[in-house]
Amino acid sequence: MAKDVIVALDFASGAQVFEFLDLFGKEKPFVKIGMELFYAEGPSVVKEIKARGHKIFLDLKLHDIPNTVKKSMRVLSSLDVDMCNLHAAGTRAMMTAALEGLTREDGSRPLLIAVTQLTSTDQTALTREILIERPVDEVVMSYAKNAADAGLDGVVCSPLEAGKVHEKCGDRFLTVTPGVRFAGGEVGDQKRVTTPLKARELGSDYIVVGRPITAAEDPVKAYERCCRQFLLGYDD
Ligand code: C5P
């Protein structure tokens, strides 16, 4: 199964992104484009990054009625991205419609993964505001199972949950995991972090890494260190 390091391009403009990507020369990391960059630059930034030879995870977290999501996914699929996502809370009907929209005429489609509960939603908010009484871990696993049953390819989760997700939804169901830091590195606003090596040991399929690479003194070195640990199992 494909495993990879996905670099989160959390920049506010295309100019900053291209300056960053130029550092990598011929190396073409798999990258994640989020809402900030997409809303600032629009589809052209996706096309330009694709044309440079990168794989793209377009992280726009769709959540709307099934028909709207289906038609929007059709547009994203035509941008030739490799992975995109939605909120599992939109229901199985929405997830099935999304898959239909994503599937191109030749039968190919980008990978589709689900966000279960945002890590910023804690038990208190879940219970008091969203009126879900069940424990947050149970909600996350149940949403992951809904996504698997709807035919999605995986979920975004913590590396610490990757094993449990694979147990419940199967080994081939992908775990795409942020919250990765080098040993002794800045944690920033992430609460539960693991190293790239630990994420490998825990069974993550893709790690999503932002600041440990984008804010590093030498981003290329930091990316290569991530790859060595996550893809090859080196302890450095
Ligand atoms: O800089 P850092 O490595 O923390 O970046 C992680 C990336 O993964 C960011 O783009 C962040 O928005 C995203 N993400 C996350 N936690 C989630 C979902 C997405 O950190 N639960």
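See above for the structure.
Residues numbered from 1 in each chain as written. Predicted model: local features only at pLDDT ≥ 70, side-chain atom pairs only at ≥ 80, totals over all residues. Heavy atoms only, no water.

S.K.: What's the story with the nonpolar core in this structure? I'm lost.
M.R.: Side chains of nonpolar character tend, in soluble globular proteins, to be buried together. Counting 61 residues, the largest nonpolar core has Ile-49, Leu-58, Met-73, Leu-86 and Ile-213 as its most contacted members. Considering each element in turn, this core owes the most residues, 6 residues, to helix 11 (residues 219-232). Not counting the four nearest positions on each side in its chain, Ile-49 is found in contact with Leu-9, Val-17, Phe-18, Leu-21, Val-31, Ile-33, His-54 and Ile-56. By size, the runner-up hydrophobic cluster in this structure holds 10 residues, among which are Ile-6, Phe-30, Phe-57 and Ile-113. (Core = buried A, V, L, I, M, F, W, Y, C linked by side-chain atoms within 4.5 Å. Buried < 20%, exposed > 50% of the residue type's maximum accessible area, 1.4 Å probe, protein only. Helix = DSSP H or I, 4+ residues; strand = E, 2+ residues; numbered from the N terminus. Contact = heavy atoms within 4.5 Å.)

S.K.: It is not clear to me how the sheet that holds strand 6 (residues 154-156) should be interpreted in this structure. Could you clarify?
M.R.: Remark on secondary structure: sheet strands pair via backbone hydrogen bonds, oriented parallel or antiparallel. The strand order around the closed barrel formed by 8 strands is 1-2-3-4-5-6-7-8, and the pairing between neighbours is parallel. Between one strand axis and the next, the sheet turns through 25° on average, direction left out of account. As paired elements, strand 7 (residues 174-177) and strand 8 (residues 206-209) share 2 bridges and run parallel to each other. Bridge pairing links Val-176 to Tyr-206 in strand 8. (Pairing = 2+ DSSP bridges. Axes fitted to C-alpha atoms, helices over the stretch in contact; angles between N-to-C directions.)

S.K.: What's the story with the side chain of Asp-205 in this structure? I'm lost.
M.R.: Among the secondary structure elements, Asp-205 is positioned in the loop between helix 9 (196-202) and strand 8. Buried Asp-205, no salt bridge; nearest opposite-charge side chain is Lys-3, N-O distance 4.8 Å. Side chain to side chain, Asp-205 and His-166 meet in a polar contact 2.9 Å long. (Lys, Arg positive; Asp, Glu negative; His and termini not counted. Salt bridge = Lys/Arg side-chain N within 4 Å of Asp/Glu carboxyl O. Polar contact = N/O pair within 3.5 Å; in protein donor to acceptor, adjacent residues only side chain to side chain.)

S.K.: Help me understand the layout of surface pockets, please; the structure alone is not making it clear to me.
M.R.: Gaps between atoms show up when a probe of the same size as a water molecule is rolled over them. By volume, the largest pocket amounts to about 1,400 Å³. Lining the largest pocket are 42 residues, with Leu-118, Thr-119, Ser-120, Pro-178 and Gln-190 sitting closest to its centre. Secondary-structure elements contributing two or more residues to the lining of the largest pocket are helix 2 (35-41), strand 3 (56-62), helix 7 (136-149) and strand 8. Among the residues making up the lining of the largest pocket, the classes are represented as 17 nonpolar, 11 polar and 14 charged. (1 Å grid on protein atoms, 1.4 Å probe; cavity = no way out; pocket = protein on both sides within 12 Å on 5 of 7 lines; lining within 4 Å. Points joined across faces, edges and corners; volume = space filled by probe spheres on them. Nonpolar A, V, L, I, M, F, W, Y, C, P; charged D, E, K, R; others polar.)

S.K.: Would you mind showing me how to read the site of the ligand here?
M.R.: In the region of the ligand, the neighbouring residues are Ala-8, Asp-10, Lys-32, Thr-119, Pro-178, Arg-181, Gln-190, Val-208, Val-209, Gly-210, Arg-211 and Pro-212. Asp-10 has a polar side-chain atom sitting 2.8 Å from an oxygen atom of the ligand. If the ligand stood free it would expose 470 Å²; the protein chains cover 80% of that surface. According to the grid-proximity analysis, the pocket containing the ligand is the largest pocket. At the level of elements, strand 8 and helix 10 (211-214) are the ones that each hand at least two residues to the shell around the ligand. Along the lines of polarity and charge, the residues of the shell around the ligand split into 5 nonpolar, 3 polar and 4 charged. (Near = heavy atom within 4 Å. Areas by Shrake-Rupley, 256 points an atom, 1.4 Å probe, with all protein chains shown as cover. Sits in = over half its atoms within 2 Å of the grid points.)

S.K.: Help me understand the pattern of salt bridges in this model?
M.R.: When the charged atoms of two side chains with opposite charge come close together, those side chains can pair. This structure, assessed with the given rule, holds 13 salt bridges. In this structure, Asp-22 and Arg-52 form a salt bridge, with 3.0 Å as the shortest nitrogen-oxygen distance. Here the residue Asp-22 occupies a position in helix 1 (residues 14-22), and Arg-52 occupies one in the loop between helix 3 (43-51) and strand 3, the gap between them amounting to 30 residues. The exposure class of Asp-22 is partly exposed, given its relative accessible area of 49%. Between Lys-145 and Asp-149 there is a salt bridge, and its shortest N-O distance comes to 3.0 Å.

S.K.: How should I be thinking about a nonpolar patch on the surface in this particular structure?
M.R.: Taken together, the side chains of Leu-231, Leu-232 and Tyr-234 present a nonpolar region at the surface, about 290 Å² in accessible area. Within the secondary structure layout, Leu-232 lies in helix 11. On the basis of relative accessible area, Leu-232 is assigned to the exposed category, the value being 53%. (Patch = residues over 30% accessible without salt bridge, like charges linked within 9 Å, V, L, I, M, F, W, Y side chains within 5 Å.)

S.K.: When you look at the pairing of strand 2 (residues 30-33) in this model, what are you seeing that I'm missing?
M.R.: Looking along a regular strand, one sees side chains alternate from face to face of the sheet. Side chains Phe-30 and Lys-32 of strand 2 all project onto a buried face; the interleaved residues Val-31 and Ile-33 project onto the opposite face, where all are buried too. With helix 1 bridging strand 1 (residues 4-8) and the parallel strand 2, this β-α-β connection has right-handed handedness. Where strand 2 lies against strand 3, 3 bridges are found, and the strand directions are parallel. Paired with Ile-33 across the bridge in strand 3 is Leu-58. (Right-handed = clockwise from strand over helix to strand, strands pointing away.)

That's the geometry; what it means functionally is another story.
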